[in-house]
Amino acid sequence: ETGVTQTPRHLVMGMTNKKSLKCEQHLGHNAMYWYKQSAKKPLELMFVYNFKEQTENNSVPSRFSPECPNSSHLFLHLHTLQPEDSALYLCASSHGTGGTDNEQFFGPGTRLTVL
Amino acid sequence: KQEVTQIPAALSVPEGENLVLNCSFTDSAIYNLQWFRQDPGKGLTSLLLIQSSQREQTSGRLNASLDKSSGRSTLYIAASQPGDSATYLCAGPSGAGSYQLTFGKGTKLSVIP
């Protein structure tokens, strides 16, 4: 595996379900990001982790819970979601978060549908 | 707060034509700007990263320029091909010294055979 991988690629869940999205980067990067992409809206940054520490939470509802056990893995735990949470969830990584280190590389995304 | 605008929202050109995609940003205190490509339903592919000390960056048929003073960046695609059809996004730091990226809504390019 190379680059940034995400699983599953597609997920359909009910509002009462609990599921998790997984992201893994094979680039030796130290920073990882979760983004949400909804139709006709710009990408929205959700969370940032740098060296496993969360450095940013952009006012994301608590029904989204991130976890970063190490610099290579990032999870997004989902529970009691709403239909408006249906979107493409993208994971990205960068070498660092400062200056020229922040070139970001993206995974293929998870297409989430909440029924 | 950084705002990134991409015009036009959609563009259709015949194969072989050279074209320019535009990106403007409000906060010129950026240290780099990144261009991405996104195919339908897929993730983003990084195309070019221009540092603030550079005015241009080239990769194959792609050339990106950055003019901080005017708050503009352009992506030039030479000799367009149907395989270039995708949405092109630009993104810049959300503020001075910020590592967070603010994205434009993208330009959807269609290259007609």
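Each remark here, short or long, concerns the structure printed above.
Report follows, based on the coordinates.

Reading the values: the criteria
- Residues numbered from 1 in each chain as written.
- Chains lettered and ligands numbered in written order.
- Predicted model: local features only at pLDDT ≥ 70, side-chain atom pairs only at ≥ 80, totals over all residues.
- Heavy atoms only, no water.
- Salt bridge = Lys/Arg side-chain N within 4 Å of Asp/Glu carboxyl O.
- Buried < 20%, exposed > 50% of the residue type's maximum accessible area, 1.4 Å probe, protein only.
- Contact = heavy atoms within 4.5 Å.
- Buried area = accessible area lost by both parts, 1.4 Å probe.
- Polar contact = N/O pair within 3.5 Å; in protein donor to acceptor, adjacent residues only side chain to side chain.
- Nonpolar A, V, L, I, M, F, W, Y, C, P; charged D, E, K, R; others polar.
- Core = buried A, V, L, I, M, F, W, Y, C linked by side-chain atoms within 4.5 Å.
- Helix = DSSP H or I, 4+ residues; strand = E, 2+ residues; numbered from the N terminus.
- Pairing = 2+ DSSP bridges.
- Axes fitted to C-alpha atoms, helices over the stretch in contact; angles between N-to-C directions.

**What to know about the pattern of salt bridges**
All names here are of chain A.
Reasoning step 1: If you walk through the whole model with that rule in mind, you get four salt bridges over all chains.
Reasoning step 2: Between Glu44 and Lys41 there is a salt bridge, and its shortest N-O distance comes to 3.8 Å.
Reasoning step 3: Taking relative accessible area as the criterion, Lys41 reaches 43% and is therefore assigned partly exposed.

**Comments concerning the interface of chain A and chain B**
Reasoning step 1: On the side of chain B, 19 residues touch chain A, which itself brings 25 residues to the contact.
Reasoning step 2: Summed over both partners, the interface of chain A with chain B comes to about 1,700 Å²; 53% of that surface belongs to carbon and sulfur atoms.
Reasoning step 3: Here chain A is connected to chain B by zero salt bridges.
Reasoning step 4: Where chain A packs against chain B, one counts five residue pairs in polar contact (both at pLDDT 80 or more).
Reasoning step 5: The class makeup of the residues in the side of chain A that touches chain B is 11 nonpolar, nine polar and five charged.

**Structural notes on the nonpolar core**
Reasoning step 1: The biggest cluster of nonpolar side chains holds 22 residues, and the ones touching the most others in it are Trp34(A), Phe64(A), Leu76(A) and Leu78(A).
Reasoning step 2: For this core, the elements supplying multiple residues, two or more each, are strand E2 (10–13), strand E3 (18–25), strand E4 (31–37), strand E5 (44–50), strand E7 (64–70), strand E8 (73–79), strand E9 (87–94) and strand E11 (110–114) of chain A.
Reasoning step 3: Val13(B), Leu21(B), Leu33(B) and Tyr88(B) belong to the second-largest nonpolar core, a separate cluster that totals 21 residues.

**Quick word on the environment of Lys68(B)**
All names here are of chain B.
Reasoning step 1: Residue placement: Lys68 occurs in the loop between strand E7 (62–67) and strand E8 (72–77).
Reasoning step 2: Each C-alpha atom, one on Lys68 and one on Arg37, is 22 Å from the other, the two residues being 31 residues apart in sequence.
Reasoning step 3: Sequence-distant contacts of Lys68, that is, excluding residues within four places in its chain, are made with Phe25, Ser28, Ile30 and Ser52.
Reasoning step 4: Looking at Lys68, its side chain comes within polar contact range of the main-chain oxygen of Ile30, at 3.2 Å.

**Some thoughts on the pairing of strand E6 (residues 53–57) of chain A**
Reasoning step 1: Taken together, the four bridges between E5(A) and E6(A) define a ladder with antiparallel strand orientation. By the bridge assignment, Phe47(A) is partnered in E6(A) with Asn57(A).

**Overview of the side chain of His29(A)**
Residues and elements named next belong to chain A.
Reasoning step 1: Inspection of the secondary structure puts His29 in the loop between E3 and E4.
Reasoning step 2: His29 sits in the buried class, given a relative accessible area of 9%.
Reasoning step 3: At 2.8 Å, the side chain of His29 forms a polar contact with the side chain of Ser93.
Reasoning step 4: For His29, the residues in contact, after removing those within four places along its chain, are Ser71, Ser93, Ser94, His95 and Phe105.

**Some details on the sheet that holds E3(A)**
All names here are of chain A.
Reasoning step 1: Across the sheet, which stays open at both edges, the four strands sit in the order E1-E3-E8-E7 with antiparallel pairing between neighbours. Each edge of the open sheet carries a strand with a single partner, namely strand E1 (4–7) and E7. Ignoring strand direction, the axes of neighbouring strands in this sheet form an average angle of 20 degrees.
Reasoning step 2: As paired elements, E1 and E3 share four bridges and run antiparallel to each other. If you follow Thr5 over to E3, its bridge partner there is Glu24.

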